[in-house]
Amino acid sequence: MNNMPRKIKFSTILNILKKKPIPLLFGFLFTLIPLFLVIVLSIVFSSLGNDTPEIDYESINLQGKETTAEITDIETQYNVTINGVHPTIISYRYSENGKRTKK
């Protein structure tokens, strides 16, 4: 027996689809709606940006000053998890030109 599928022209497929317009419409809708949502959501999420501040380490190394600081408070943020670890906010103070500065 011949197991080869027989060749069908593209015009034959179009004629069959023209006879059944409702399944064709649903097929296009179920294809176009997710594509539209993916495009819209990718534009929205790419425009939101990242909340992490950009740090110029090279500028800090060139223009920064080393000083000794005293840690005044350590606060853990339990409502956020980054890589399975809760971030910690460290407050400190240091003296600059005889003036105490708190960060």
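Heads up: the structure comes first, above all this text.
Residues numbered from 1 in each chain as written. Predicted model: local features only at pLDDT ≥ 70, side-chain atom pairs only at ≥ 80, totals over all residues. Heavy atoms only, no water.

1. Things to note about the overall build of the protein
Along the backbone of the protein there are 3 helices and 3 strands. Whereas a compact globule of 103 residues would reach a radius of gyration of roughly 13 Å, the protein reaches 31 Å, over 25% beyond that. Summarising its shape, the C-alpha atoms of the protein cover approximately 95 × 35 × 35 Å along the three principal directions. Within the protein, counting contacts between residues at least 6 apart in sequence, those at least 24 apart form 17% of the total. For the protein, the computed accessible surface area is about 10500 Å², with 61% contributed by carbon and sulfur atoms. Where the 12 positive side-chain charges of the protein centre and where its 9 negative ones centre are 29 Å apart. (Helix = DSSP H or I, 4+ residues; strand = E, 2+ residues; numbered from the N terminus. Rg over C-alpha atoms; globule rule 2.2 N^0.38 Å. Contact = heavy atoms within 4.5 Å. Areas by Shrake-Rupley, 256 points an atom, 1.4 Å probe, with all protein chains shown as cover. Lys, Arg positive; Asp, Glu negative; His and termini not counted. Charge placed at Lys NZ, Arg CZ, Asp CG, Glu CD.)

2. Regarding the environment of aspartate 73
Assignment of secondary structure puts aspartate 73 in strand β1 (residues 69–76). Taking relative accessible area as the criterion, aspartate 73 reaches 39% and is therefore assigned partly exposed. Each C-alpha atom, one on aspartate 73 and one on arginine 93, is 9.8 Å from the other, the two residues being 20 residues apart in sequence. (Buried < 20%, exposed > 50% of the residue type's maximum accessible area, 1.4 Å probe, protein only.)

3. Description of the packing of aromatic side chains
Considering all chains together, one arrives at 2 aromatic pairs under this definition. Both rings, one in phenylalanine 26 and one in phenylalanine 30, keep their centres 6.0 Å apart while their planes meet at 20 degrees; by these two values the pair is stacked. On the criterion of helical spacing, the pair formed by phenylalanine 26 and phenylalanine 30 is a turn pair, its members being 4 residues apart in helix α2 (residues 21–48). Taking relative accessible area as the criterion, phenylalanine 26 reaches 44% and is therefore assigned partly exposed. An angle of 25 degrees between the planes, with centres 6.2 Å apart, marks the rings of tyrosine 92 and tyrosine 94 as stacked. (Phe/Tyr/Trp six-rings, centres within 6.5 Å; stacked < 30°, edge-to-face > 60°.)

4. With respect to the environment of leucine 29
Within the fold, leucine 29 resides in helix α2. Overall, leucine 29 belongs to the partly exposed group, its relative accessible area being 38%.

5. Side note on α2
In a regular helix each residue adds 1.5 Å, so 28 residues correspond to 40 Å; α2 covers 40 Å between its end C-alpha atoms and thus fits that length. Glycine 49 sits one or two positions beyond α2 and adopts a positive phi of about 80 degrees. (Expected span 1.5 Å × (residues − 1).)

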